[in-house]
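For reference, the chains in residue letters:
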Amino acid sequence: VTDKKFHSDIIKIRSYVNPSNEIRDNLLKEAHVNLLLSLDDSRNGFFEGFGQVVQEAGMFGTPSIVLATGGLPESVHDRETGWVLSDLNSDTIQALVKKLDDDQYCKISAKCYDHTIASHGLDNWTKLFRELLSP
């Protein structure tokens, strides 16, 4: 847990730095969404990559909310497997919250899981290596 203090009367906020794989997996299983709000810092030479935690969360049907920077829009298919925000202004966030209901969340969660397993699961790596290593 970090030394930063976050508080909300509406949602539970927990912050971790370098959790073990087991702790990370348990957090992603319990979470309703994964937030990966990496700001564009490309002017300083820093680019957000593909966002591996998006796939890690997707293995548990946990959709992600990301900003449209770096490779994140390639990881999250907007309103299909999660949500891609153009920025963090209050209008953008309120529009997302107003449109999000239980039915839509359940559909996106299921699509997130199905897509992650079908497109990023270990079975794909197994098939690749089987072909590469076959005589």
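Residues numbered from 1 in each chain as written. Predicted model: local features only at pLDDT ≥ 70, side-chain atom pairs only at ≥ 80, totals over all residues. Heavy atoms only, no water.

Chemist: Quick rundown of helix α5 (residues 102–120)? Include the residues and the values.
Modeler: The end-to-end C-alpha separation of α5 is 26 Å, in line with the 27 Å expected for 19 residues at 1.5 Å each. Restricting attention to buried positions, one finds in α5 the residues Tyr105, Ile108, Ser109, Cys112 and Thr116. For α5, the angular spread of buried residues about the axis comes to 105°, placing them on one side. On its buried face, α5 sits against α2 (52–58) and β3 (82–85). (Helix = DSSP H or I, 4+ residues; strand = E, 2+ residues; numbered from the N terminus. Expected span 1.5 Å × (residues − 1). Buried < 20%, exposed > 50% of the residue type's maximum accessible area, 1.4 Å probe, protein only. Arc of directions from axis to C-beta. Contact = heavy atoms within 4.5 Å.)

Chemist: Summarise the state of the cysteines; cite the residues concerned and give the values.
Modeler: In this structure the tally under the stated criterion is zero disulfides. Cysteine Cys106 remains unbridged, with the sulfur of Cys112 as its closest cysteine sulfur at 13 Å. Its relative accessible area of 48% is what places Cys106 among the partly exposed residues. By relative accessible area, Cys112 is classed as buried at 4%. (Disulfide = S-S within 2.5 Å.)

Chemist: So what's going on with the pattern of salt bridges? Residues and values would help.
Modeler: Note that side chains of opposite charge can pair when their charged atoms are close. A complete count under the given rule lists five salt bridges for this structure. Between Asp25 and Arg24 there is a salt bridge, and its shortest N-O distance comes to 2.9 Å. By relative accessible area, Asp25 is classed as partly exposed at 21%. Between Lys107 and Asp103 there is a salt bridge, and its shortest N-O distance comes to 3.3 Å. Of the two residues, Lys107 and Asp103 both sit in helix α5, four residues apart, roughly one turn of that helix. Within this structure, Arg24, Asp25 and Glu56 form a network of salt bridges that share partners. (Salt bridge = Lys/Arg side-chain N within 4 Å of Asp/Glu carboxyl O.)

Chemist: Account for the nonpolar core, with residues named and values stated.
Modeler: Of all hydrophobic cores here, the largest spans seven residues; its members are Ile65, Leu67, Trp83, Leu85, Leu96, Tyr105 and Ile108. When residues of this core are traced back to their parent elements, those giving at least two are β2 (64–67), β3 and α5. Each residue touching Ile108, except ones within four places of it in the same chain, is listed here: Pro63, Arg79, Glu80, Thr81, Gly82 and Trp83. Of all hydrophobic cores here, the second largest spans six residues; its members include Leu36, Val66, Leu72 and Val76. (Core = buried A, V, L, I, M, F, W, Y, C linked by side-chain atoms within 4.5 Å.)

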